[in-house]
Amino acid sequence: MTSLLILNGPNLNLLGTREPEIYGAVTLEEIEATCVAYGETKSVSITFLQSNHEGVLVDNIHAATGTHAGIILNAGAFTHTSIALHDAIVGTQIPTIELHLSNIHKREEFRHHSYIARAAVGVICGFGAAGYNLAINAMVGHLESNN
Ligand code: CA2
């Protein structure tokens, strides 16, 4: 069965506790359950992880080689700072979709630039928690059209 890694970066463990006007009221655990259930309908298995540490995210991208066919990455604030995450995606060559809950282009200037986008197959942002299922669907379509 095709396996996808959904990787979440810093502070996303706080979802559902604060700033619901930006990020929604759903918790990361609820998003994970929705992704796993949606993955079943698409015959893909989902591994869902969150870390507040850049190096742990890099390690998980490396470890995905040979295990996961695609990565969906909400790198949180590291999106706007991390050349290391860019290099990990390029280095492993695993198709990666950049994902954000909020529309980063509608927000502060410092969120408009992404180091991830250059290395990504595509970017989904602004659809809240629904973006996770959109990204799963997009990745399944991408992998099918490239196999
Ligand atoms: O919109 C997204 O998904 C972001 O990746 C979320 C990051 C932000 O730095 C990016 O620019 C866009 C921040 C996640 C913080 O999540 C919180 C959730 C609840 C309370 C506080 C923070």
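Note: the structure precedes this text.
Summary of the structure given here. No experiment lies behind these values; they were computed from the predicted model shown. Per chain, residue numbering runs from 1 following the sequence as it is written. Reporting of local features is limited, given that this is a predicted model, to residues whose pLDDT is at least 70; pairs of side-chain atoms are given and counted only at 80 or more, and all residues count toward the totals for whole chains, interfaces and linings. Side-chain measures here rest on the full set of heavy atoms in the structure, leaving out hydrogens and waters.

### As for the site of the ligand
Link 1 in the chain: The nearness test applies per residue and asks whether one of its heavy atoms lies within 4 Å of the molecule or strand. Taken together, 17 residues are adjacent to the ligand, and Asn74, His80, His100, Leu101 and Ser102 come closest.
Link 2 in the chain: Definition of a polar contact: a pair of N or O atoms within 3.5 Å, with one able to donate and the other able to accept a hydrogen when the atoms are protein atoms, and with sequence-neighbouring residues admitted only if both atoms are side-chain atoms. Measuring from an oxygen atom of the ligand, one finds a side-chain N or O atom of Asn74 at 2.8 Å.
Link 3 in the chain: Between His100 and the ligand, the recorded distance is 2.9 Å, taken from a side-chain N or O atom to an oxygen atom.
Link 4 in the chain: Expressed as a share of its isolated accessible area of 510 Å², the protein-covered part of the ligand is 94%.
Link 5 in the chain: Of the residues belonging to the shell around the ligand, the class tally is 8 nonpolar, 6 polar and 3 charged. Working definition of accessibility: Shrake-Rupley area with a 1.4 Å probe, residue cover restricted to the visible protein chains. As a working rule, the residues Ala, Val, Leu, Ile, Met, Phe, Trp, Tyr, Cys and Pro are called nonpolar, Asp, Glu, Lys and Arg charged, and the rest polar, with Gly in that last group.

### A short note on the packing of helix H2 (residues 28-41) against helix H5 (residues 130-145)
Link 1 in the chain: Every angle, taken between N-to-C directions, lies between 0 and 180 degrees, and every axis is a line fitted to C-alpha atoms, over only the stretch in contact when it is a helix. In this text, helices come from DSSP runs of H or I with a minimum length of four residues, and strands from runs of E with a minimum of two, each type numbered from the N-terminal end. Two elements in contact, H2 and H5, have axes whose closest approach is 9 Å; the angle formed by their N-to-C orientations is 30 degrees. Put simply, H2 runs roughly parallel to H5. The handedness of the crossing between H2 and H5 is right-handed. Facing H2, whose interface residues are Leu28, Ile31, Thr34, Cys35 and Tyr38, H5 presents Tyr132, Asn133, Ile136 and Asn137.
Link 2 in the chain: Looking at the contact of H2 with H5 residue by residue, the class counts come to 6 nonpolar, 3 polar and no charged. Convention used here: angles under 35 degrees read as roughly parallel, angles over 145 as roughly antiparallel, angles from 65 to 115 as roughly perpendicular, and any remaining angle as oblique. Each crossing is labelled by how the near helix is turned from the far one, with a counterclockwise turn of less than a right angle marking it left-handed and a clockwise turn marking it right-handed. Note on contacts: a residue pair qualifies if any of its non-hydrogen atoms lie within 4.5 Å across the two residues.

Function-wise, these values are silent; they only describe arrangement.
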